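One-letter residues, chain by chain:
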Amino acid sequence: MSDPDLRLSRRGLLGAGFGAAVSTSRRVTANETDGKGSNESVPQGKIRIGQIGTKHPHAAGKLDAIRGLSDIFELVGVVEEDQSRRIQASKAKSYHDVPWMSKESLLESDVAAIAVETNVTDLVPTAMACLASGKHIHLDKPAGESMQD
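Residues numbered from 1 in each chain as written. Predicted model: local features only at pLDDT ≥ 70, side-chain atom pairs only at ≥ 80, totals over all residues. Heavy atoms only, no water.

**Q** Sorry if this is basic, but what is going on with the overall build of the chain here?
**A** The secondary structure content of the chain amounts to six helices and six strands. Taken across its 149 residues, the chain has 35% of its residues classed as buried. Pairs at least 24 apart in sequence give 62% of the contacts found in the chain among residues at least 6 apart. (Helix = DSSP H or I, 4+ residues; strand = E, 2+ residues; numbered from the N terminus. Buried < 20%, exposed > 50% of the residue type's maximum accessible area, 1.4 Å probe, protein only. Contact = heavy atoms within 4.5 Å.)

Here it is in structure tokens:
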């Protein structure tokens, strides 16, 4: 595509694709809500989302994408279990004024999705905990250190 109006940044494309994928989990059919038998989907508000980790190289960018799509997402909170890293991240523009919370609180919350942005070594176990709690996930690459995981 050479038309500059048709170009989309990688971050914009990923954010839009992630939003579209997760938004399908937040829709119900009209006949479930109005009894008219329509099969059309009805949006049910913003997607409640959280983020676990700030150490992945894409963590700040992912949070920027989530916050930049505030018409789609409601950021519930960010988890960073490493206190010194949390203090450091808090000083960055991306994490300015975010609600910080514990991993347990986020996993037990009513969020629909969680962006997993930990160190690479912690991505798979964290993602599995999110899935076990019934959450959709966004998991950046590389997804761990081994193909088996």
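Next comes the rest of the write-up.
**Q** Sorry if this is basic, but what is going on with the pairing of strand β6 (residues 136-139) here?
**A** On a regular strand, each side chain points to the face opposite its neighbour's, so the side chains alternate between the two faces of the sheet. Sheet analysis places strand β5 (residues 113-116) next to β6, joined by four bridges and oriented parallel. When the bridges of β6 are listed, Ala 113 appears paired with His 136. (Pairing = 2+ DSSP bridges.)

**Q** Just to check I follow, could you spell out the nonpolar core for this structure?
**A** Buried together is how nonpolar side chains tend to be arranged in soluble globular proteins. Counting twelve residues, the largest nonpolar core is built from Ile 52, Val 76, Val 79, Met 101, Leu 106, Leu 107, Val 111, Ile 114, Val 116, Leu 123, Ala 127 and Cys 130. Of all the elements, helix α6 (residues 120-132) adds the most residues to this core, at three residues. Among residues more than four places away in sequence, those in contact with Leu 107 are Ile 52, Ile 114, Ala 129, Cys 130, Ser 133 and Lys 135. With seven residues, the next largest nonpolar core counts Ile 49, Phe 73, Ala 112 and Ala 113 among its residues. (Core = buried A, V, L, I, M, F, W, Y, C linked by side-chain atoms within 4.5 Å.)

**Q** What exactly am I supposed to notice about the sheet that holds strand β3 (residues 47-52) here?
**A** Paired through backbone hydrogen bonds, the strands of a sheet run either parallel or antiparallel to each other. The strand order β4-β3-β5-β6 describes an open sheet built from four strands, whose pairing is parallel. Two strands in the sheet have a free side with no partner beyond their single neighbour: β4 (73-79) and β6. Here the average twist between neighbouring strands, direction ignored, is 25°. Pairing geometry for β3 and β4, over six bridges, is parallel. Directly across from Ile 49, in β4, lies its bridge partner Leu 75. (Axes fitted to C-alpha atoms, helices over the stretch in contact; angles between N-to-C directions.)

**Q** Please clarify how the pairing of β5 should be interpreted in this entry.
**A** Because side chains alternate across β5, one face comprises the buried residues Ala 113 and Ala 115, and the other comprises Ile 114 and Val 116, equally buried. Relative to β5, β3 runs parallel, the two being bridged by four bridges. For Ile 52, the partnering residue across the bridge sits in β5 and is Val 116. Considered for its hand, the β-α-β crossover made up of β5, α6 and β6 is right-handed. (Right-handed = clockwise from strand over helix to strand, strands pointing away.)

**Q** Explanation requested: unusual backbone geometry in the structure shown.
**A** Backbone geometry follows two general trends: most residues other than glycine have a negative phi, and most peptide bonds adopt the trans configuration. A positive phi angle, near 65°, is found at Asp 97, a position not held by glycine. Relative to the assigned elements, Asp 97 resides in the loop between α4 (83-90) and α5 (103-108).

**Q** Is there a simple way to explain the side chain of Glu 117 in this structure?
**A** Along the chain, Glu 117 turns up in the loop between β5 and α6. For Glu 117, which is buried and forms no salt bridge, the nearest opposite charge comes from Lys 62, at a distance of 5.5 Å. A polar side-chain atom of Glu 117 sits 3.4 Å from the main-chain amide nitrogen of Ala 59. Setting aside residues up to four positions removed in sequence, Glu 117 forms contacts with Gln 51, Ile 52, Gly 53, Thr 54, Lys 55, His 56, His 58, Ala 59, Lys 62, His 138 and Asp 140. (Lys, Arg positive; Asp, Glu negative; His and termini not counted. Salt bridge = Lys/Arg side-chain N within 4 Å of Asp/Glu carboxyl O. Polar contact = N/O pair within 3.5 Å; in protein donor to acceptor, adjacent residues only side chain to side chain.)

**Q** Sorry if this is basic, but what is going on with the packing of aromatic side chains here?
**A** In this description, an aromatic ring pair is defined by two values, namely the gap between the centres and the angle between the planes. A complete count under the given rule lists one aromatic pair for this structure. Pairing Tyr 95 with Trp 100 gives two aromatic rings, centres 5.9 Å apart and planes at 20°, and the pair type is stacked. Since its relative accessible area comes to 3%, Tyr 95 is described here as buried. (Phe/Tyr/Trp six-rings, centres within 6.5 Å; stacked < 30°, edge-to-face > 60°.)

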